[in-house]
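Each chain, letter by letter, is given below.
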Number of protein chains: 2
Amino acid sequence: MAKRKTGVAPLEDDVPVVDWKKLNEKDRRTVSALRELAVDVADAATEKKDPVIRIPSRSLSNVMFNEKAQILEMGDKATSRTLFNLSQAKSFLQTMLVAEGVNRLIAQGKTLSIRGMYYQSKHTIKGIQEETFNSQDESDPIIEDLEVVLESLREELHLYAERKGEMVGNIVLTDRGDRIDCSRMGSGGYGIPSIVEPEVIELDPQKCKADYVLHVEKGTVWQRFNEDKFWKKHNCILTHGGGQPPRGVRRLLYRLNKELGLPIYCLLDNDPWGYYIYSVIKQGSINLAFESKRMAVPDAKFIGLRSKDFEECKLSPSVRIALNDNDRKRARQIAEYPWFVNKKKWQKEIALMLKNGFKLEVESLISKGISYVTEVYAPQRIAARDWLD
Amino acid sequence: MAKRKTGVAPLEDDVPVVDWKKLNEKDRRTVSALRELAVDVADAATEKKDPVIRIPSRSLSNVMFNEKAQILEMGDKATSRTLFNLSQAKSFLQTMLVAEGVNRLIAQGKTLSIRGMYYQSKHTIKGIQEETFNSQDESDPIIEDLEVVLESLREELHLYAERKGEMVGNIVLTDRGDRIDCSRMGSGGYGIPSIVEPEVIELDPQKCKADYVLHVEKGTVWQRFNEDKFWKKHNCILTHGGGQPPRGVRRLLYRLNKELGLPIYCLLDNDPWGYYIYSVIKQGSINLAFESKRMAVPDAKFIGLRSKDFEECKLSPSVRIALNDNDRKRARQIAEYPWFVNKKKWQKEIALMLKNGFKLEVESLISKGISYVTEVYAPQRIAARDWLD
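Residues numbered from 1 in each chain as written. Chains lettered and ligands numbered in written order. Predicted model: local features only at pLDDT ≥ 70, side-chain atom pairs only at ≥ 80, totals over all residues. Heavy atoms only, no water.

Time to look at the overall build of chain A. Scanning chain A from terminus to terminus reveals 13 helices and 19 strands. Scaling as 2.2 N^0.38, a compact globule of 389 residues should have a C-alpha radius of gyration of about 21 Å, and chain A matches this with 24 Å. Per-residue burial for chain A yields a buried fraction of 60% across its 389 residues. By sequence separation, contacts in chain A at least 24 residues apart represent 74% of the contacts at least 6 residues apart. Carbon together with sulfur atoms contributes 50% to the accessible area of chain A, which is approximately 16,300 Å² in total. Averaged over its 61 positive side-chain charges, chain A has a centre that lies 2 Å from the centre of its 56 negative ones. (Helix = DSSP H or I, 4+ residues; strand = E, 2+ residues; numbered from the N terminus. Rg over C-alpha atoms; globule rule 2.2 N^0.38 Å. Buried < 20%, exposed > 50% of the residue type's maximum accessible area, 1.4 Å probe, protein only. Contact = heavy atoms within 4.5 Å. Areas by Shrake-Rupley, 256 points an atom, 1.4 Å probe, with all protein chains shown as cover. Lys, Arg positive; Asp, Glu negative; His and termini not counted. Charge placed at Lys NZ, Arg CZ, Asp CG, Glu CD.)

Listed below in structure tokens is the structure:
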């Protein structure tokens with residue numbers, strides 16, 4: 001087995017050196033931030049001071065809603081992580097290990113899963129027989145710390161998680177040099193990657209004929225819309241995120257909206273989970289507020305399902321699903337979100353769901369006919385601009 | 001709200017009539033089987049006899065391993081489901097409702113999710129205020145019943161579930177008329193559909209240059225192999241199934257193996273779950289033995305991870321994950337499977353994992369270098385034909 005040095009991650013035989021000339025602009029920015037971090041620590045050591053990393057606080061108390069930009073933002077609170085503090089020494093070490101790993105990824109021009117980063121950074125510390133990381137639950141938060149310290153998205157750190165979500169529609173894009181024509185993707189569709197940064201996915205306004213994006217919650221609903229060639233009839237792009245959309249899907253929706261100017265229409269279940277998915281697409285995730293400015297789509301519209309739909313669409317009573325205590329609790333919490341609290345239409349929507357006492361899935365429209373959702377519901381709502389935002 | 005008749009599913013205004021001329025051969029076979037079922041019931045009613053459906057038993061006691069074909073098969077046991085039996089009347093009704101729904105799907109040339117079928121078949125029975133189906137847990141088994149009664153795969157009943165899994169590599173296929181070049185799919189890949197029957201996905205030996213299929217367990221590992229262009233360097237096809245592969249992925253592996261003659265190499269975790277995934281790909285699922293003859297790939301090979309790899313690859317002790325009681329129990333169960341029980345290499349593999357006392361994930365190879373798995377491990381194992389089967 002390869003020799004290990006105390007407190008040093010198991011390095012490959014040939015530790016890659018960052019070749020500045022080969023880096024793109026974004027990687028240069030990230031590497032500069034990493035070097036700054038490293039130099040600060042090294043300087044402190046040279047000066048025999050306690051090395052310290054300033055980490056912006058990711059706690060809820062440091063998250064606020066920017067009314068003007070209509071997105072979640074982090075405040076100015078930060079904590080210090082120092083090496084010579086018994087309760088912080090290990091997380092200090094962990095932060096350095098992950099930073100070193102990210103530097104290596106950029107030098108190699110490779111990407112790695114967050115599980116892979118855990119394995120890459122994990123080793124036994126010689127002498128004390130303790131592991132640098134005991135589980136991925138320890139390395140994931142360190143990655144999030146680095147995102148805020150370096151002001152880089154995880155994707156810019158060359159890290160990804162398991163991906164979900166597909167896309168079809170009237171758009172041609174370039175993915176690592178391959179031309180992807182999303183109007184010729186059959187029933188399967190194009191798998192939306194985890195990392196959709198401009199260096200990977202190139203979007204060109206000249207190659208997008210679509211008028212808007214219809215984002216649906218689940219793959220099964222997406223299949224219905226794709227089979228009915230909704231995107232062809234209505235000249236749009238069709239995406240789904242397999243439930244709560246992963247970051248790759250959210251970032252792609254953001255780019256389609258910002259760079260190509262496409263409206264984003266969301267078709268989600270009429271339940272607190274559907275409201276929450278919309279809230280995350282629109283304003284960002286409360287837990288990861290720092291990413292919102294490059295992921296949130298404040299002008300995304302919620303076209304349904306709506307609490308009024310049971311009456312309005314004359315749905316069968318059989319499709320109602322009774323709310324449980326947790327649903328009611330979540331609904332009340334969501335109604336208090338700063339971006340919903342002053343919106344009359346949203347307050348009415350949530351109040352009506354609570355009054356109804358039941359929730360509705362998009363699939364419930366099937367009781368009106370297999371293609372009711374693609375031929376009647378979605379086109380009518382979009383044409384009438386009948387949505388919540 | 002539309003009028004409902006007692007015991008009749010909520011029909012659309014224009015109930016589609018099956019146009020025999022427009023059906024493909026497979027749909028004709030399914031519709032014939034559906035009609036036979038319906039005629040039997042109608043005849044019994046006319047003759048004032050108790051209508052009965054003979055349903056092949058899907059219980060474990062009716063599943064056996066066909067040594068010659070090396071797949072799981074169902075035996076001859078069957079149960080009778082009759083209308084005039086208090087404990088069977090409801091499931092009889094449910095069977096008819098789903099059969100009617102399938103007939104409608106074929107007539108319309110559409111497909112539907114199994115959740116959609118639940119909603120389509122659910123309504124309140126007039127007079128007794130009881131629901132035809134209370135949850136999808138009731139409709140899913142009825143769909144499986146119909147599969148065995150009609151001797152049709154679920155996909156042939158035009159039904160699908162949530163899909164998972166992507167594909168890239170040196171193959172061009174046709175998906176609902178669209179030409180899909182899997183060597184030009186960028187980082188995202190082609191999403192493997194739920195329904196990959198020949199009517200949807202056309203495979204042409206002339207358009208497949210690949211020498212084999214490498215199937216990996218997880219999307220994150222697949223991304224590593226795709227980023228390193230493994231399929232290009234080694235002229236193969238790269239698939240994953242997001243853990244336990246869904247039916248669409250298994251059926252596609254089967255077709256790639258049977259129709260194009262490609263070997264299937266599986267790269268899975270060294271744990272009971274990895275063994276089980278391999279077992280399902282190879283011999284079929286015990287719960288759904290009737291599907292094996294059109295899904296199982298008996299000559300699939302297990303290239304790793306292997307229990308010997310900790311020593312052989314000189315892995316860091318840090319990457320070991322201790323087995324828990326459930327792991328040990330599952331490992332012993334799997335060792336008893338009829339297709340493993342007489343295989344010395346598999347017995348040795350499982351015994352060594354139990355002796356090791358730990359399991360290993362594919363990602364653990366990252367401790368040897370980010371691309372060790374794509375540049376060293378997989379090529380060496382395949383070149384040396386060092387696998388289990």
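From this point on, the discussion continues.
This part is about the relation of the copies chain A and chain B. It takes a turn of 180° to lay chain A on chain B, together with a shift of 0.0 Å along the axis; the resulting RMSD is 0.0 Å. Such a combination of rotation and displacement between the chain copies is what one expects of a two-fold axis. A symmetric contact is evident, with 100% of the interface residues of chain A recurring at the interface of chain B. (Least-squares fit on C-alpha atoms with pLDDT ≥ 70 in both.)

The subject of this paragraph is helix α10 (residues 325-335) of chain B. Residues that lie three or four places apart on an α-helix share one face, since the helix turns once every 3.6 residues. All names here are of chain B. Residues of α10 that are buried: Asp327, Ala331, Ile334 and Ala335. Along the long axis of α10, the arc covered by the buried residues comes to 100°, so they all point the same way. On its buried face, α10 sits against α8 (272-283), β18 (321-322), α11 (338-341), α12 (344-356) and β19 (358-359). At the N-terminal boundary of α10, the capping side chain belongs to Asn324, with an oxygen 3.1 Å from the backbone nitrogen of Asn326. (Arc of directions from axis to C-beta. Polar contact = N/O pair within 3.5 Å; in protein donor to acceptor, adjacent residues only side chain to side chain.)

Time to look at the pattern of salt bridges. Two side chains of opposite charge can pair, provided their charged atoms sit close to one another. Going through the model one piece at a time under the given rule, you end up with 76 salt bridges over all chains. Here Asp145(A) ties to Arg58(A) by a salt bridge, and the two come within 2.8 Å at their closest N and O atoms. Of the two residues, Asp145(A) sits in helix α4 (residues 136-150) while Arg58(A) sits in the loop between β1 (52-56) and β2 (63-66), which places them 87 residues apart along the sequence. With a closest N to O distance of 2.8 Å, Arg58(B) and Glu144(B) form a salt bridge. Of this pair, Arg58(B) sits in the loop between β1 (52-56) and β2 (63-66) while Glu144(B) is found in helix α4 (residues 136-150), placing the two residues 86 residues apart along the sequence. Among the residues examined, Arg58(B) registers a relative accessible area of 23% and is labelled partly exposed. Residue Glu144(B) is classed as partly exposed on the basis of its relative accessible area, which comes to 23%. Put simply, Arg306(A), Lys308(A), Asp309(A), Glu312(A), Glu349(A), Arg381(A) and Asp386(A) are held in one network by salt bridges that share partners. (Salt bridge = Lys/Arg side-chain N within 4 Å of Asp/Glu carboxyl O.)

What follows covers helix α8 (residues 272-283) of chain A. All names here are of chain A. Look at α8: 16 Å from first C-alpha to last across 12 residues, which is about the 16 Å you get at 1.5 Å a residue. Pro272, Gly274, Tyr275, Tyr276, Ile277, Tyr278, Ser279, Val280, Ile281, Lys282 and Gln283 are the residues of α8 that are buried. Phi turns positive, to about 105°, at Gly284, one or two residues after α8. (Expected span 1.5 Å × (residues − 1).)

Residue and element names in this part refer to chain B. Strand order in the open sheet made by the three strands is β11-β10-β13, with antiparallel pairing throughout. The open sheet is flanked by β11 (178-181) and β13 (201-202), the only strands paired with a single partner. Here strand β10 (residues 172-175) runs beside β13; their pairing, made up of two bridges, is antiparallel. By the bridge assignment for β13, Thr174 is matched with Glu202. (Pairing = 2+ DSSP bridges.)

Let's shift gears to the pairing of strand β3 (residues 71-74) of chain A. Two faces belong to every sheet, and in a regular strand the side chains alternate between them. Residue and element names in this part refer to chain A. As judged from the four bridges shared by β2 and β3, these two strands associate in the antiparallel manner. Following the sheet pairing, Asn66 is matched in β3 by Ile71. Between β2 and the antiparallel strand that follows it, β3, lie four residues; Gln70 among them carries a positive phi value of about 60°.

In this complex, chain A contributes 64 residues to the contact, which on the side of chain B involves 64 residues. Buried surface at the junction of chain A and chain B, summed over both partners, amounts to about 5,100 Å²; 51% is from carbon and sulfur atoms. It is Tyr119(A), Ser318(A) and Ile370(A) in chain A that bury the most area against chain B; as a group they hold 13% of the surface buried on that side. Applying the counting rule to chain A against chain B returns eight salt bridges. At the surface where chain A touches chain B, the tally comes to 34 residue pairs in polar contact (both at pLDDT 80 or more). Of all the secondary-structure elements, those providing two or more residues to the side of chain A that touches chain B are α2 (89-108), β5 (112-113), α3 (114-121), β11 (178-181), β12 (190-191) and α5 (219-227) of chain A. Looking at the side of chain A that touches chain B, the element that brings in the most residues is α5(A), giving five residues. Its residues placed into classes, the side of chain A that touches chain B shows 17 nonpolar, 24 polar and 23 charged. (Buried area = accessible area lost by both parts, 1.4 Å probe. Nonpolar A, V, L, I, M, F, W, Y, C, P; charged D, E, K, R; others polar.)

Among all residues save glycine, negative phi is the norm, and among peptide bonds the norm is trans. Residues Gly304(A) and Leu305(A) are joined by a peptide bond in cis, for which omega reads -5°. Mapping Leu305(A) onto the fold places it in the loop between β17 (301-304) and α9 (309-312). The backbone phi angle of Lys229(B) is positive, close to 50°, even though this residue is not glycine. Structurally, the position occupied by Lys229(B) is in the loop between α5 (219-227) and α6 (230-233). Relative accessible area serves as the criterion here: at 23%, Lys229(B) is assigned to the partly exposed category.

Now for the pairing of strand β9 (residues 166-169) of chain A. All names here are of chain A. Where burial is concerned, the two faces of β9 agree: the one with Glu166 and Val168 and the one with Met167 and Gly169 are both buried. In the sheet, β9 pairs with β12 via two bridges, with the strands oriented antiparallel. Within β12, the position partnered with Glu166 by the bridge is Gly191. Taken together, the three bridges between β9 and strand β15 (residues 236-240) define a ladder with antiparallel strand orientation. When the sheet's bridge partners are listed, Met167 is paired in β15 with Thr239.

If you walk across this open sheet you meet the three strands as β11-β10-β13 (chain A), and the pairing is antiparallel. The sheet terminates laterally at β11 and β13 (201-202) of chain A, the two strands that pair on one side only.

What follows deals with the environment of Asn103(A). All names here are of chain A. Its place among the elements puts Asn103 in helix α2. Take Asn103: its relative accessible area is 25%, and that puts it in the partly exposed class. Distance in space between the C-alpha atoms of Asn103 and His158 is 9.3 Å, their sequence separation being 55 residues. The residues touching Asn103, leaving out its near neighbours within four places in the chain, are Val18, Val31 and Leu34.

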